[in-house]
Amino acid sequence: MLRERKHCFENRCKGKDNFDNYQIISIFFRNFGFTEGTFARKCSNLFGILLAYSYLCSKIKEFMEIKKAEFTLSAPRESMCPKDNKPEYAFIGRSNVGKSSLINMLTNNKKLAKTSATPGKTLLINHFIINNEWYLVDLPGYGFAKRSKKEVQKLEQMINGYILQREQLVNVFLLIDIRLEAQKIDLDFIEWLGTSSVPFAIVFTKADKLSAAKVLQNVEAYKKVLSATWEEMPPMFVTSAEKKQGRDEILDYIEKINLELK
Ligand code: GDP
């Protein structure tokens, strides 16, 4: 099982370390109609390579910006989600973890996802199209304390169905409140993602509510808990919607996977 999980990270969660500069350059040039052969001829001297590299860096910076973020649809089940085959990145966590705030922060749009202050929480699978290129998917919060058993079952079926069946789903971002000790409900969800071979990353939220030292300490404590069952840590991001912390890192991570998928 552990081996499978490791394999799942290596294959579908390729992080920063796995993506070398040569790969970035060749993907970029292939996208612009160059084969590796012509690329080699065109950049046959050091100056050419440096020029190409600096142009590439400026392009990547452009790619990472969110130019357009629009609500697409709300679906009650996977089969009713968009059919255009774009990569999807889902965000999930317990209610009140700061998911709506994080989505709004990432997309630079204060109203895109509903926040707790707005009555009527999202109980559907919400798709937002980003730069006409990929979908940000807002899944309902779990740990539905005030809901009936039947309602909880229905929501679980919807979330599980989407996560397990959605072929376009590239990565699940699991949100965890940085202030709290590891909660059983989150650990169970992580376990389920692992056993289901679903690639995921952990996003710690509300980092501005703690000192930098305490943030580090809590991340280390979380890693220690996970290391009891995980051979390798999932990618982790420390964020604050208030301070816009972690935005570049998450968008960078998504963009690198998107480039890789092309
Ligand atoms: P959701 O239920 O997971 O969508 O959570 P919300 O985004 O609605 O946030 C729940 C509460 O936490 C709200 O009062 C937010 O203002 C607050 N909150 C969310 N993110 C942050 C953050 O990064 N820093 C601080 N200080 N508060 C936050």
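One can find the structure itself at the top, above this paragraph.
This section reports on the structure supplied with the text.

Parameters and conventions
- Residues numbered from 1 in each chain as written.
- Predicted model: local features only at pLDDT ≥ 70, side-chain atom pairs only at ≥ 80, totals over all residues.
- Heavy atoms only, no water.
- Helix = DSSP H or I, 4+ residues; strand = E, 2+ residues; numbered from the N terminus.
- Buried < 20%, exposed > 50% of the residue type's maximum accessible area, 1.4 Å probe, protein only.
- Contact = heavy atoms within 4.5 Å.
- Areas by Shrake-Rupley, 256 points an atom, 1.4 Å probe, with all protein chains shown as cover.
- Polar contact = N/O pair within 3.5 Å; in protein donor to acceptor, adjacent residues only side chain to side chain.
- Pairing = 2+ DSSP bridges.
- Axes fitted to C-alpha atoms, helices over the stretch in contact; angles between N-to-C directions.
- Core = buried A, V, L, I, M, F, W, Y, C linked by side-chain atoms within 4.5 Å.
- Phe/Tyr/Trp six-rings, centres within 6.5 Å; stacked < 30°, edge-to-face > 60°.

## Digging into the overall build of the chain
- When helices and strands are tallied, the chain shows nine helices and seven strands.
- The buried share among the 262 residues of the chain stands at 46%.
- At a minimum sequence separation of 6, the contacts of the chain that also span at least 24 residues come to 76%.
- When the accessible surface of the chain is split by element, carbon and sulfur atoms take 53% of a total near 14,200 Å².

## Re the environment of R247
- Here R247 shows up in helix α9 (residues 247–261).
- Residue R247 is classed as buried on the basis of its relative accessible area, which comes to 7%.
- Sequence separation between R247 and L106 is 141 residues; the distance between their C-alpha atoms is 5.7 Å.
- Beyond its immediate chain neighbours, meaning those up to four positions away, R247 contacts E65, I66, M105, L106 and N108.
- Among the polar contacts made by the side chain of R247, one reaches the main-chain carbonyl oxygen of M105 at a distance of 3.1 Å.
- Polar side-chain contacts of R247 include one of 2.9 Å to the backbone oxygen of L106.

## A look at the sheet that holds strand β7 (residues 236–238)
- Read across the open sheet, the seven strands follow the order β1-β3-β4-β2-β5-β6-β7; overall the sheet is mixed. The sheet is open, and its two edges are formed by β1 (69–75) and β7, each paired on a single side. Neighbour to neighbour, the strand axes of the sheet diverge by 25 degrees on average, direction disregarded.
- Both β1 and strand β3 (residues 125–130) contribute to a ladder of six bridges, which runs antiparallel.

## With respect to the pairing of strand β4 (residues 134–138)
- Within β4, five of the five residues are buried, which leaves the element mostly enclosed by the surrounding structure.
- Of the two faces of β4, both are covered, the one formed by W134, L136 and D138 as well as the one formed by Y135 and V137.
- Sheet topology note: the strand β2 (residues 88–93)/β4 ladder contains four bridges and is parallel. The partner of Y89 across the bridge, within β4, is L136.
- Counted between consecutive antiparallel strands, the loop separating β3 from β4 contains three residues, among which N131 sits at a positive phi close to 50 degrees.

## Looking at the nonpolar core
- Counting residues in each nonpolar core, the largest one holds 33 residues, and the members touching the most others are I92, L139, Y162, I163, I190 and I202.
- Sorting the residues of this core by element identifies β2, β3, β4, α6 (149–165), β5 (169–177), α7 (184–195), β6 (200–205) and α8 (212–226) as the ones contributing at least two each.
- Here this core gets five residues from one element, more than from any other, and that element is α6.
- Not counting residues up to four positions away in its chain, the partners in contact with I190 are L174, F200, I202, Y222, L226 and W230.
- Counting residues in each nonpolar core, the second largest holds 26 residues, with I103, L136, A201 and F237 among its members.

## As for the packing of aromatic side chains
- Taken as a whole, this structure holds eleven aromatic pairs when the rule is applied.
- Here the aromatic rings of F71 and F128 are separated by 5.7 Å at their centres, their planes lie at 65 degrees, and the arrangement is edge-to-face. Within this pair, whereas F71 is found in strand β1, its partner F128 is found in strand β3, the two being separated by 57 residues in sequence.
- For F71, a relative accessible area of 47% gives the class partly exposed.
- Look at F128 and you get buried, because its relative accessible area is 3%.
- An angle of 20 degrees between the planes, with centres 4.7 Å apart, marks the rings of F91 and F173 as stacked. Of this pair, F91 sits in strand β2 while F173 sits in strand β5, and the two are 82 residues apart along the sequence.

## Quick word on unusual backbone geometry
- Despite not being glycine, N131 shows a phi value in the positive range, around 50 degrees.
- Residue position: N131 is located in the loop between β3 and β4.

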